[in-house]
Amino acid sequence: MKIINLTLSMFICFTLTAQEKFKYDENGLTPKYLVGEINGLNKNKVYEKSLNWIKETYKNPDEVIKTTIENEKIRFQGVAMDYLCQTVLLSTFCYNTTYTIELEFRNGKYKFTPTSISYRMPASQYDSGGSIEVNLNNGLAFYKKNGTIRKQTKSMPESIEKLFNDLERSLKEYVEKDDSNEKW
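What you are looking at is a predicted structure, and each value in this text was computed from that prediction instead of being measured. The residue numbers shown here count from 1 along each chain, following its written sequence. pLDDT decides what is reported in this predicted model: residues at 70 or higher carry local features, side-chain atom pairs at 80 or more are listed and counted, and totals for whole chains, interfaces and linings draw on all residues regardless. Based on all heavy atoms of the structure, the side-chain values leave hydrogens and waters out of the count.

## Comments concerning the overall build of the protein chain
- Of the regular secondary structure elements, the protein chain holds 4 helices and 8 strands.
- Counting helices and strands in the order they occur from the N terminus, the protein chain gives α-β-β-β-α-α-β-β-β-β-β-α.
- Three exposure classes are used, based on accessible area relative to the maximum for each residue type with a 1.4 Å probe and protein chains only: buried under 20%, partly exposed in between, and exposed over 50%. Each of the 184 residues in the protein chain was classed as buried or not, and the buried ones make up 36%.
- In this description, contact between two residues means that some pair of their heavy atoms is separated by no more than 4.5 Å. In the protein chain, the share of contacts with a sequence separation of at least 24, taken over all contacts with a separation of at least 6, comes to 55%. Strands here are runs of E lasting at least two residues and helices are runs of H or I lasting at least four, both read from the DSSP assignment and numbered beginning at the N terminus.

Following this line, the structure appears as structure tokens:
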């Protein structure tokens, strides 16, 4: 009985301390958002540092930032060049991928919510191309009815996860960075 209690306690502690990450599968993106805990910073400072992260991360931050409500919310839209890829016959095609993220702020934390992702198919002699919106609420477009992933889009779900997880991790590291002792 003691071993079961100890094992259960260790599992609960591990689960609580593990950093939650985005996952994209046939159910779509889960969770719908991540909350970054930043101890010791008030809402205004978390907002300010997040805004600075966008300005330092993106080449044209004024074009990337779509909405700001001071100390409350930032919505930004980025582009990852040649990011989402699919294989057709023996060729792999990678597409420019546009994503939108919404950040909301409270004392000591931020909420990171991916709101959209799409990729742009180039025009060809057979069609005019266009933007394809990825459904964040279900990923069935990438999976067969039996639940296995389609060969031509097998890297897309993992790439979507990686994009959002990398962005959130980069933001968290930047906001957590103590810049008060920076000397030069």
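## Thoughts on the confidence of the model for the protein chain
- Confidence in the prediction for the protein chain averages 86 pLDDT; 83% of positions are at 70 or higher.
- Each residue carries a pLDDT score, the predictor's own confidence in it, on a scale running from 0 to 100. Ignoring residues within four places in sequence, the model shows residues 1–17, a span with pLDDT below 50, making 0 contacts including any to other chains.

## Details of unusual backbone geometry
- The peptide bond linking Thr 30 to Pro 31 adopts the cis configuration, its omega dihedral lying at -10 degrees.
- Assignment of secondary structure puts Pro 31 in the loop between strand S2 (28–30) and strand S3 (34–37).
- Although it is not a glycine, Asp 82 adopts a positive phi angle of roughly 45 degrees.
- Within the secondary structure, Asp 82 is located in strand S5 (residues 73–88).

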